[in-house]
Amino acid sequence: MPVEDVLTRGARSGLIRRLTGRDLVGFGIGIIIGTGVFTLAGIEAKEHAGPAVVLSFVVGGIVAALAALCYAELASAVPTAGSAYTYGYATLGEIFAWIIGWDLLLEFALGAAVVSRSWSGYVANLLGLPEAWFGEDAAVNVGAILIIAVLTIIAVVGIRESSWVTNALVVVKVAVCVLVIVAGLFFVNGANLDPFIPPAQPAPATANVLEQPLVQAALGMEQSVYGIGGMFTAAAIVFFAYTGFEALANLGEETKRPKRDLPVGLLGSLIVCTLLYVAVAAVLSAMVDYRQIDEGAPLAAAFQSVGQPWVAALIALGAVTGLTSVMMVELVTIGRIGFAMSRDGLLPPKLSQVHPKWGTPHRMTIGGAVVIMLLAGFIPISELADMVSIGALSGFVIVAIAVPVLRRTKPDLDRPFKMPLSPVLPIITALSCLYLMSNLDIITWLRFAAWLVVGLAIYFLYGRRHARLANPTADTTSSSEE
């Protein structure tokens, strides 16, 4: 398949341009708000940053906004489904497309696992379920496994949420955040914010050397937590809270005015979410001493600690509702990413077959769900979130590089939206993502390297020989697309 076909795929789709900037903002908020604010804010305040987790969210939001601008240009210039995978294919070549696709599978699979564990913790808090089966202290998180199993059935059968249900879920999640902010103001204790940036201190004696941030190890620094370094470590991890906005880039060919609406949708949703994240993190830090924050359901537990169980119950209910929609989107996305890669020949063709009755890529969806259930059942949120962040950030590095590359290789390509100050801002974006990645611990880098090695082995042993670029006349799909 010639690379030019990738650039024109959207023009042949026949999709109707009917989405506005307002639609994209609502869709983005619905995807972005999830575990990052409901759970990670508390975990990272407790483990790495203290009240300075507020600044961590600010840093993460700025880097995400830079990446969103890169996405906006590529989405308007290459308006087709596939997001960063397609952009890599069109600009940097097949192997980079494979790496991005492989990273996206990692990001969304681990993201779904993180959200399912957060969901399990809030369900336990809401219904008083046993911690031996639910929450972060469970040896096997049965609740996380069960919710993924149920949602996988829905994803395979192909039941889709109507627009009013999606909008209702957005309202619920935003309302929960506003409730936390407004109600929490009555229980603010300034003493909990002092010091705002706790002084750096040696990591706990139980900490493994592999748990040290890469940048500390590279500079020969003593392993530590809190301080400025801890704030940036938390920023790298809570960056997970902003992942998902890239799904908006898949809607470029359905947007009425890409030049205006794509940046409005991407930046608008990120700005709203960043403001909510910062305010929620600030209130949580002011309500509870960061060393005493509950890691399973931080927001609900905070209100229980100040004698407001009814607020805690509303927060838990809102979290459960909102997190359910996020998991559904991620399960569906995994199926579609695998479908796209299989359609291009990089994965076995059977994965691009759709179910004859339900019209969904059922094999890829079910296979991904099995992996997610194993991850969700046994691996803590903090470790999973680290991997999501490094996978997302690495993908954003390639997207940032793709902007100036595509301008040089395809200077005449129509770009309804252009990243300002290119190539300076794309370079700054790539470097910012790399810096955040360097603040993740060594074990996360080793796991990520292992994931890439496995992915490259699959590519060279299978994908490279079966890809459409290598076999232009080959038909790698055995059923029509959904």
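Some remarks on the confidence of the model for the protein chain
Mean pLDDT over the protein chain works out to 82, with 86% of the residues at or above the 70 mark. Across the protein chain, helix α16 (residues 424–438) holds the top mean pLDDT of 95, while helix α1 (residues 3–8) sits lowest at 50. Throughout residues 10–15 the model reports pLDDT below 50, and contacts reaching past four residues in sequence, or to other chains, amount to 7 contacts. In this model residues 474–482 is a low-confidence stretch, pLDDT under 50, and it forms 27 contacts with partners more than four residues away in sequence or in other chains.

Some words on the nonpolar core
If you look at the biggest cluster of nonpolar residues, it comprises 143 residues, and the most contacted ones within it are Ile 33, Phe 38, Phe 57, Tyr 122, Phe 245 and Tyr 277. Per element, the largest residue contribution to this core is 18 residues, and it comes from helix α6 (residues 94–127). Those residues in contact with Phe 38 that lie beyond four places of it in its chain are Ile 33, Tyr 122, Val 176, Pro 298, Leu 299, Ala 319 and Leu 323.

Some words on the pattern of salt bridges
In total, this model carries 4 salt bridges according to the counting rule given. The salt bridge partner of Glu 295 is Lys 46, with a shortest N-O separation of 3.9 Å. Taken together, the residues span a long stretch of sequence, with Glu 295 in the loop between α11 (258–287) and α12 (298–305) and Lys 46 in helix α3 (residues 35–49) at a distance of 249 residues. Of the charged contacts in the structure, one is a salt bridge between Arg 407 and Glu 73, with a shortest N-O distance of 2.7 Å. In this pair, Arg 407 sits in helix α15 (residues 381–409) while Glu 73 sits in helix α4 (residues 53–77), placing the two residues 334 residues apart along the sequence.

Points about the side chain of Gln 308
Relative to the assigned elements, Gln 308 resides in the loop between α12 and α13 (309–343). A distance of 2.9 Å separates a polar atom in the side chain of Gln 308 from a polar atom in the side chain of Trp 310.

Some thoughts on the environment of Ala 430
Here Ala 430 lies in helix α16. On a C-alpha basis, the gap between Ala 430 and Gly 395 in space is 9.7 Å, while along the polypeptide they are 35 residues apart. Setting aside its immediate chain neighbours within four residues, Ala 430 contacts Val 397 and Ala 400.

Considerations on helix α10 (residues 227–238)
Taking 1.5 Å of rise per residue, the 12 residues of α10 would be expected to cover 16 Å, and the 16 Å separating its terminal C-alpha atoms lies within 8% of that figure. Of the positions making up α10, those classed as buried are Gly 227, Gly 230, Met 231, Thr 233, Ala 234, Ala 235, Ala 236, Ile 237 and Val 238.

Cut-offs used in this document
Residues numbered from 1 in each chain as written. Predicted model: local features only at pLDDT ≥ 70, side-chain atom pairs only at ≥ 80, totals over all residues. Heavy atoms only, no water. pLDDT = per-residue confidence, 0-100. Helix = DSSP H or I, 4+ residues; strand = E, 2+ residues; numbered from the N terminus. Contact = heavy atoms within 4.5 Å. Core = buried A, V, L, I, M, F, W, Y, C linked by side-chain atoms within 4.5 Å. Buried < 20%, exposed > 50% of the residue type's maximum accessible area, 1.4 Å probe, protein only. Salt bridge = Lys/Arg side-chain N within 4 Å of Asp/Glu carboxyl O. Polar contact = N/O pair within 3.5 Å; in protein donor to acceptor, adjacent residues only side chain to side chain. Expected span 1.5 Å × (residues − 1).

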